[in-house]
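Secondary and tertiary structure notes
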Amino acid sequence: MPNVLISATSMIKIDRYYEYDLMDLATQAVVKLLEKTNENIKPDVVIFSNTYAEKTVSQVSLASKLCNNLGISAMPIRIENGDASGGAAVSTAYYLLKSGEIKSALIVGAEKMGDFPASYLNEIVSENLNEKYQEKVGLTTQSFSAIQMKEYMKKYGVTYDYFAQWPVYMHKYGSENPYAYLKFPVDLKTVKESQLVSDPLRIFDTAARADGASAILMTNEELGKKISENYVKVKAVGFSTSEFRIGEIPSVHGALKTLGDVKADLMEIHDSFSINAALILEEMGYPRGKSLDNLNEIPVNPSGGLKSRGYPGGATGIYQVSEITQQLLGVFPGHRISGNKGLVISTDELGTSAYTILLER
Amino acid sequence: MNVFPPQVWREKETLYRLIGGKCNCGNVIFPYSPVCNKCGSTSVSKIKLSGKGILLQYTVTYQHRPGFEKTQPTYVGLIKLQEGPEIIAPLTDVDEGELKEGDKVEAVIRRIKSDSNNGLIVYGTKFRLIKDGDK
């Protein structure tokens, strides 16, 4: 089966773009990507990774519209699997390329979350809850996360300060990332005194919801080497699903297991909440109840993660893959971690599905 | 218009009557599903849950969704229902500082939200504390 490469990546700064619509942002990411390739690319498949377009911009047929805007004819696919859409899109492209039936796939993650006040964003994100009961009775995902935190605090005897370490580290890294939405450092005191969202969850524990677009070009090895010398290999992908569960994220455990025994030099994980970062790290084998105590020793989220780089819904996973690719190539313009193997863990808001993507220089 | 009657009406067994499923394997599911989420069996029968349970954990939420302004802040609990399932559900009739882990709770029907244009009201199940002196 053909080897699969990531031949080019691009990102725009995550921000509130009042002047641009969803397709504007997606197109900007593609234009930036094309500037990096030697050849005029006509991808066989175009995948649009997006979670909330029906509610945020009242649009469907995203991939077809993007193809038409770009003047190309390809197999258009829109992929939505909550905030794990990016992981789902890259995994899908991986298998299409492995089949040998296609040579290239353009994957564009774009999301528009910056136009709305917090209450409407809560409404949008509550689409992640179940239809029969949770969404109907007005719940929000923040309440689930707060309860998850309190159970963790009880089980391991830690205080809120334990979780506050995560946003401090993320903002330290994110302050170096030119693509980051909240590009500033914060201290422990600022985090601890920030707005209470759902006791004990504070605003800095949540993801910074904003607009973003990132594009990647995935190809087989033969075509990829013609396009650019700066590529990384997609070595393997893994995936799993599970219900929301207190004290663990079984989907992440499952997705790591399908990947086999992997030692990555760096990783980007989906820290929708600080507690999710702790639980994901613990599924990877870092000590339970202590994973956030030694963040200086864990090569995780040099982008600044969802806290500082920001959270553009279904584009998030595409950012993660772009970031790890650029890290492995030594061209990421922010905080650098060197290494040959990088891991992306793309999950949805509460961790009910997870994709693991292993990249290698 | 933000309330569409069929969308609420079709969930009446879940929202008003707390109908769950019981699998032959013993697993109890809420909301009801014809397939067991533990063993995958389709031998799941409908049962009416008692609505009684224990509050395992709770939070006070200060952010809300449009249409829920009147119930701010919102108390939300992790509840272990008598029949087994653990659910996350809104709490009601709560005074500040009175919740504690291990409290007994029971299901009650409450107004969830109303449509700002035509006044349609959505009702659903929330949970309240069973206080000393209550039956």
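Everything quoted here is computed from the prediction, not taken from an experiment.

The rules behind each value
- Residues numbered from 1 in each chain as written.
- Chains lettered and ligands numbered in written order.
- Predicted model: local features only at pLDDT ≥ 70, side-chain atom pairs only at ≥ 80, totals over all residues.
- Heavy atoms only, no water.
- Helix = DSSP H or I, 4+ residues; strand = E, 2+ residues; numbered from the N terminus.
- Areas by Shrake-Rupley, 256 points an atom, 1.4 Å probe, with all protein chains shown as cover.
- Lys, Arg positive; Asp, Glu negative; His and termini not counted.
- Charge placed at Lys NZ, Arg CZ, Asp CG, Glu CD.
- Core = buried A, V, L, I, M, F, W, Y, C linked by side-chain atoms within 4.5 Å.
- Buried < 20%, exposed > 50% of the residue type's maximum accessible area, 1.4 Å probe, protein only.
- Contact = heavy atoms within 4.5 Å.
- Domains from an automatic or database assignment.
- Buried area = accessible area lost by both parts, 1.4 Å probe.
- Pairing = 2+ DSSP bridges.
- 1 Å grid on protein atoms, 1.4 Å probe; cavity = no way out; pocket = protein on both sides within 12 Å on 5 of 7 lines; lining within 4 Å.
- Points joined across faces, edges and corners; volume = space filled by probe spheres on them.
- Nonpolar A, V, L, I, M, F, W, Y, C, P; charged D, E, K, R; others polar.
- Polar contact = N/O pair within 3.5 Å; in protein donor to acceptor, adjacent residues only side chain to side chain.
- Salt bridge = Lys/Arg side-chain N within 4 Å of Asp/Glu carboxyl O.
- UniProt positions renumbered as here; feature names shortened; annotations may be inferred.

Secondary structure summary: chain B contains 2 helices and 8 strands in total. Ordered by position from the N terminus, the helices and strands of chain B form the series α-α-β-β-β-β-β-β-β-β. Seen along its three principal axes, the alpha-carbon backbone of chain B occupies a region of about 45 × 40 × 25 Å. Total accessible area on chain B stands at roughly 7,200 Å², and carbon and sulfur atoms take up 50% of it. Considering chain B, the positive charge centre built from 20 side chains and the negative charge centre built from 15 side chains are found 7 Å apart.

Before going further, it helps to spend a moment on the nonpolar core. Counting residues in each nonpolar core, the largest one holds 75 residues, and the members touching the most others are F163(A), W166(A), I269(A), L281(A), I79(B), L91(B) and F127(B). For this core, the element with the highest residue contribution is helix α7 (residues 160–174) of chain A, accounting for 8 residues. Apart from residues no more than four positions distant in its own chain, F163(A) is found in contact with M149(A), Y152(A), M153(A), V158(A), D205(A), S274(A), I275(A) and L292(A). One finds V30(A), L62(A), I227(A) and F332(A) within the second-largest nonpolar core, a separate group that totals 37 residues.

On to the domain arrangement of chain A, then. Residues and elements named next belong to chain A. Taken domain by domain, chain A consists of domain 1 (4–115 + 210–234) and domain 2 (130–208 + 238–360). Centre-to-centre, using C-alpha coordinates, domain 1 lies 23 Å away from domain 2. Residue-level contacts link 44 residues of domain 1 with 35 residues of domain 2. Roughly 2,900 Å² of surface becomes buried between domain 1 and domain 2 when both sides are summed, with 64% attributable to carbon and sulfur atoms.

Turning to the pairing of strand β7 (residues 212–220) of chain A, a few remarks are in order. Residue and element names in this part refer to chain A. β7 sits mainly inside the fold: 9 of its 9 residues count as buried. Of the two faces of β7, the one holding G212, S214, I216, M218 and N220 and the one holding A213, A215, L217 and T219 are both buried throughout. By the bridge criterion, 7 bridges tie strand β1 (residues 4–11) to β7 in an arrangement that is antiparallel. Bridging across to β7, L5 finds its partner in T219. Of the strand pairs in this sheet, strand β4 (residues 104–111) and β7 are connected by 8 bridges, and their pairing is antiparallel.

Let us look at empty space enclosed by the protein. All names here are of chain A. Summed over all chains, the structure comprises 1 cavity of 30 Å³ or more. In this structure, the largest cavity spans a volume of roughly 40 Å³. Lining the largest cavity are S145, Q148, F244, I249, I275, N276, L279, E349 and L350. Put simply, the parts of the chain that give the lining of the largest cavity at least two residues each are α6 (141–156) and α11 (274–283). Broken down by element, the lining of the largest cavity gets its largest block of residues, 3 residues, from α11. Grouping the amino acids of the lining of the largest cavity by side-chain chemistry returns 5 nonpolar, 3 polar and 1 charged.

So, on to the sheet that holds strand β2 (residues 28–29) of chain B. All names here are of chain B. Read from one edge to the other, the open sheet built from 3 strands follows the order β2-β1-β3, with strand pairing classed as antiparallel. Bordering the open sheet on either side are β2 and β3 (44–48), each of which pairs with just one other strand. Judged from the 5 bridges that link them, strand β1 (residues 19–23) and β3 form a sheet pairing that is antiparallel. Following the sheet pairing, I19 is matched in β3 by K48.

Time to look at the side chain of T141(A). Residues and elements named next belong to chain A. Along the chain, T141 falls in helix α6. Among the polar contacts listed, one links the side chain of T141 to the side chain of E349, at a separation of 2.6 Å. With sequence-adjacent residues up to four places away left out, T141 is seen in contact with V125, N128, L129, F273, E349 and L350.

Moving on, we get to the interface of chain A and chain B. Residue-level contacts link 35 residues of chain A with 32 residues of chain B. Where chain A abuts chain B, roughly 2,800 Å² becomes buried across the two surfaces, and 58% of that area is made up of carbon and sulfur atoms. Three residues, K132(A), Y133(A) and K136(A), lead the burial of chain A against chain B; their summed loss comes to 26% of the area buried on that side. The interface formed by chain A and chain B holds 4 salt bridges in total. The partner of E11(B) in a salt bridge is K132(A), with the nearest N and O atoms 3.5 Å apart. Linking chain A with chain B are 19 residue pairs in polar contact (both at pLDDT 80 or more), by the criterion used here. Looking at the side of chain A that touches chain B, the elements with two or more residues in it are α5 (118–125), α6 and β5 (196–198) of chain A.

Here we come to the UniProt feature "domain: Thiolase N-terminal" (unreviewed entry) in chain A. Per the UniProt annotation, the sites labelled "domain: Thiolase N-terminal" (unreviewed entry) are residues 8–194 of chain A. Across residues 8–194 of chain A, the secondary structure splits into 45% helix and 12% strand, with the terminal C-alpha atoms separated by 39 Å.

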